[in-house]
Amino acid sequence: MSINSFFFILFSVLMCISSIFSLLSKKIIYTLLWAMVVFLMVSGLFLLLGAKYNSIVQFLIYVITIPVLVGVSIMMIKQNSEKRIIMLNSFWKIIGVAILVILIGEFFSLNKDVFEIVKACFVFVNPYSDLDSFAQNILERYPILLLEFGLGLIITVIGLSNHES
Amino acid sequence: MSHNILNCITTYYYQIDAILLFFVGLLGVVFSRNLIKILLSIEFMFNAINLIFVSFSSYISNNSYLGYTVVIFSTAISALVLAVGLYFTNILNQKFGTIDVNKIYSKYKEINKC
């Protein structure tokens, strides 16, 4: 089994399982967390297909921005005092996860060989897809479309902020 | 035989993955009652379609960036859809006190009857 196929199987299996879990979980916040895993796995699949730029955009928008947006709206919807007690109980769990993340980071930073192996897995994927040429292609061929989408985003933000409910 | 299949992952497998994700999203839209869950399921469907676009684009030609470009704009649209959907979710929560679709519908019917 090659490295490419190994990562494909890993990403696809995790994606399918976490998408089902996100639908089955009763609490909305767990739905959001499983959905984050799904989006991360889709980003990995984009990387395996050679679409590096799309993978970066997917990661930035779906794994970072949208969870913040949905999380804030969940906080606005759920304003119960019981939730705070639950959050206090899960304080040690959060510290445990943080320590685990730090340990994994230390492992990758100390063992440079491991980091090089992981980096090599993603570099070989598709040598033809060039990030610079893709960005240039967007700017040269679709500049008006890009501007229109930027304007659409601005209009939406202004419209949502000006509306008084 | 299985050795050969594992060594050559083609776009066919990516499309099967995408179809699975699309149907999970569709099930979420149809069967879940929570509005935020429905919105996230719509995002799953968007992601599945993006995956199909990228897989076809990488299959057809290595120098064609059309599929990749479509995916960038599709991502922007999906983010817009989610933002507006969450805004309406908040408004519905303020008005009806719940984000359960069935309860919102029943309350809406009660208000309209009176």
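Preceding this paragraph is the structure being described.
A. Main features of the overall build of chain B. Helix and strand content of chain B: five helices and zero strands. Shown N-terminal to C-terminal, the secondary structure of chain B runs as helices and strands in the order α-α-α-α-α. A burial count over chain B gives 47% of its 114 residues as buried. The long-range fraction of contacts in chain B, counting pairs at least 24 apart against all pairs at least 6 apart in sequence, stands at 54%. For chain B, the computed accessible surface area is about 6100 Å², with 68% contributed by carbon and sulfur atoms.

B. Summary view of the overall build of chain A. The helix and strand tally for chain A stands at eight helices and zero strands. If you list the helices and strands of chain A from N to C, you get α-α-α-α-α-α-α-α. Buried residues in chain A amount to 30% of all 165 residues. Of all intrachain contacts in chain A linking residues separated by at least 6 positions in sequence, the fraction that spans at least 24 positions is 58%. Total accessible area on chain A stands at roughly 11000 Å², and carbon and sulfur atoms take up 73% of it.

C. How the structure looks around the packing of helix H1 (residues 3-24) of chain A against helix H2 (residues 28-49) of chain A. Residues and elements named next belong to chain A. Interaxial distance between H1 and H2 falls to 8 Å at its minimum, and their mutual angle equals 155°. Overall, the two elements H1 and H2 adopt an arrangement that is roughly antiparallel. Crossing of H1 over H2 shows left-handed handedness. For the pair formed by H1 and H2, the contact residues are Asn4, Phe7, Phe8, Phe11, Leu14, Met15, Ser18, Ser19, Phe21 and Ser22 on the first element and Thr31, Trp34, Ala35, Val37, Val38, Met41, Val42, Gly44, Leu45 and Leu48 on the second. Residues belonging to the contact of H1 with H2 are distributed by class as follows: 14 nonpolar, six polar and no charged.

D. A look at the interface of chain A and chain B. Residue-level contacts link 58 residues of chain A with 50 residues of chain B. For the pairing of chain A and chain B, the buried interface totals around 4800 Å² over both sides, and the portion due to carbon and sulfur atoms is 75%. Contact with chain B buries area across many residues of chain A, yet Leu23(A), Leu49(A) and Ile77(A) alone supply 14% of it, more than any other trio. The tally of links between chain A and chain B comes to zero salt bridges. Where chain A packs against chain B, one counts five residue pairs in polar contact (both at pLDDT 80 or more). Elements that contribute at least two residues to the side of chain A that touches chain B include exactly H1, H2, helix H3 (52-77), helix H7 (131-141) and helix H8 (143-162) of chain A. Broken down by class, the residue content of the side of chain A that touches chain B amounts to 37 nonpolar, 20 polar and one charged.

E. Region of the structure containing the packing of aromatic side chains. One pass over the structure, following the stated rule, counts 10 aromatic pairs over all chains. Ring centres 6.2 Å apart and planes at 85° place the aromatic pair Phe22(B) and Phe23(B) in the edge-to-face group. On the accessibility criterion, Phe23(B) (47% relative accessible area) is partly exposed. In this structure an aromatic cluster arises from ring pairing among Phe8(A), Tyr12(B), Tyr13(B) and Tyr14(B).

F. Spotlight on the side chain of Lys37(B). Mapped onto the fold, Lys37(B) is located in helix H3 (residues 35-60). Leaving out residues up to four positions away in the same chain, Lys37(B) has contacts with Ser22(A), Leu23(A), Ser25(A), Thr31(A) and Ser32(B).

Cut-offs and rules
- Residues numbered from 1 in each chain as written.
- Chains lettered and ligands numbered in written order.
- Predicted model: local features only at pLDDT ≥ 70, side-chain atom pairs only at ≥ 80, totals over all residues.
- Heavy atoms only, no water.
- Helix = DSSP H or I, 4+ residues; strand = E, 2+ residues; numbered from the N terminus.
- Buried < 20%, exposed > 50% of the residue type's maximum accessible area, 1.4 Å probe, protein only.
- Contact = heavy atoms within 4.5 Å.
- Areas by Shrake-Rupley, 256 points an atom, 1.4 Å probe, with all protein chains shown as cover.
- Axes fitted to C-alpha atoms, helices over the stretch in contact; angles between N-to-C directions.
- Parallel < 35°, antiparallel > 145°, perpendicular 65-115°, else oblique.
- Left-handed = near helix turned anticlockwise from the far one by under 90°.
- Nonpolar A, V, L, I, M, F, W, Y, C, P; charged D, E, K, R; others polar.
- Buried area = accessible area lost by both parts, 1.4 Å probe.
- Salt bridge = Lys/Arg side-chain N within 4 Å of Asp/Glu carboxyl O.
- Polar contact = N/O pair within 3.5 Å; in protein donor to acceptor, adjacent residues only side chain to side chain.
- Phe/Tyr/Trp six-rings, centres within 6.5 Å; stacked < 30°, edge-to-face > 60°.

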